[in-house]
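# Residue-level structure breakdown
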Amino acid sequence: MENVSIAKLKKQSVFTFPESSTLFYIYQRLIRPQIQASNHLSTHQKMSFVKPILLMKKDNRIFLTNNFEIFYLLKTANIDQALLSQIILTVQISEDQFFVDTVFYELIDIITRYQKILNIEAIYQDLNEFLTPELNQQLFEKNIFSIPTFCYLINIHEQTYYKRCKKGGSSVKTQL
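The notes below deal with the structure included here. (Residues numbered from 1 in each chain as written. Predicted model: local features only at pLDDT ≥ 70, side-chain atom pairs only at ≥ 80, totals over all residues. Heavy atoms only, no water.)

In spatial order, the strands read β1-β5-β3-β4-β2; together these 5 strands make up an open sheet with mixed pairing. Looking at which strands have only one partner, the edges of the open sheet turn out to be β1 (2-5) and β2 (14-16). On average, each strand axis in the sheet is tilted by 45° relative to the strand beside it, whichever way the strands run. The pairing of strand β3 (residues 53-58) with strand β4 (residues 61-64) spans 4 bridges and is antiparallel. (Pairing = 2+ DSSP bridges. Helix = DSSP H or I, 4+ residues; strand = E, 2+ residues; numbered from the N terminus. Axes fitted to C-alpha atoms, helices over the stretch in contact; angles between N-to-C directions.)

Encoded structure:
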């Protein structure tokens, strides 16, 4: 384990592991803007700094295998000095220690925490496209990622999902 600042990590080329890059894209496109527009961003970032960051080295490249917020900060051009100096704990793992379910459930945890402000319909659609029959078998022992499964994972009723879809995805409207 190594303590490193975000600034030091930002100087290196850090990528997402290919098997999980879609999940990072979902976070960047559908989740992070909504968290930023809400009053939850500072709490969300504090929680992200506490958990260890898993890094994998392969072919002289560094891959981030978890922690969506840290990756977002690493790829953000304008970041304030307080965030750059933030110290995070990193752990190096090997390729055989990576499992997509770890990053998938990390994303599900974020969705669950902020689901009232998120467009859950769009998130479900993107997750459904990401999850191949093989991944569905691995994660749920099913061939498809159904709406009831998604609702169970994010701890809402199906009726809530459908009502929110009619309203446009979230129960709280925010400006982007």
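It is worth spelling out helix α4 (residues 68-75) at this point. Given 3.6 residues to a turn, an α-helix orients residues that are three or four positions apart in the same direction. Among the 8 residues of α4, 6 are classified as buried, and the element is accordingly described as predominantly covered. Residues Phe 68, Glu 69, Ile 70, Phe 71, Leu 73 and Leu 74 constitute the buried set of α4. (Buried < 20%, exposed > 50% of the residue type's maximum accessible area, 1.4 Å probe, protein only.)

Mapped onto the secondary structure, Thr 65 falls in the loop between β4 and α4. In this structure Thr 65 touches Phe 17, Phe 24, Leu 54, Met 56, Ile 93, Phe 98 and Val 103, once residues within four positions along its chain are discounted. (Contact = heavy atoms within 4.5 Å.)

Turning to the pattern of salt bridges, a few remarks are in order. Overall, the coordinates contain 6 salt bridges when judged by the stated rule. One salt bridge connects Arg 29 with Asp 126, and the closest N-O pair in it is separated by 2.0 Å. Of this pair, Arg 29 sits in helix α2 (residues 21-37) while Asp 126 sits in helix α7 (residues 120-130), placing them 97 residues apart in sequence. For Arg 29, a relative accessible area of 38% corresponds to the partly exposed category. Residue Asp 126 is classed as buried on the basis of its relative accessible area of 16%. (Salt bridge = Lys/Arg side-chain N within 4 Å of Asp/Glu carboxyl O.)

What follows concerns the pairing of β4. Two elements, β2 and β4, share 3 bridges in a ladder whose sense is parallel. Across the sheet, the residue bridging to Phe 15 is Phe 63, located in β4. The hairpin turn running from β3 into β4, its antiparallel successor, is 2 residues long, and Asp 59 in that turn takes a positive phi close to 55°.

The pairing of β1 with strand β5 (residues 87-93) spans 4 bridges and is antiparallel. Following the sheet pairing, Asn 3 is matched in β5 by Leu 89. Sheet topology places β3 next to β5; 4 bridges connect them, and they run parallel. Counterpart to Met 56 in the pairing with β5 is Ile 93.

Further remarks concern the state of the cysteines. By the definition in use, this model includes 0 disulfides. For the unlinked cysteine Cys 165, the closest cysteine sulfur is that of Cys 151, found at 8.2 Å. (Disulfide = S-S within 2.5 Å.)

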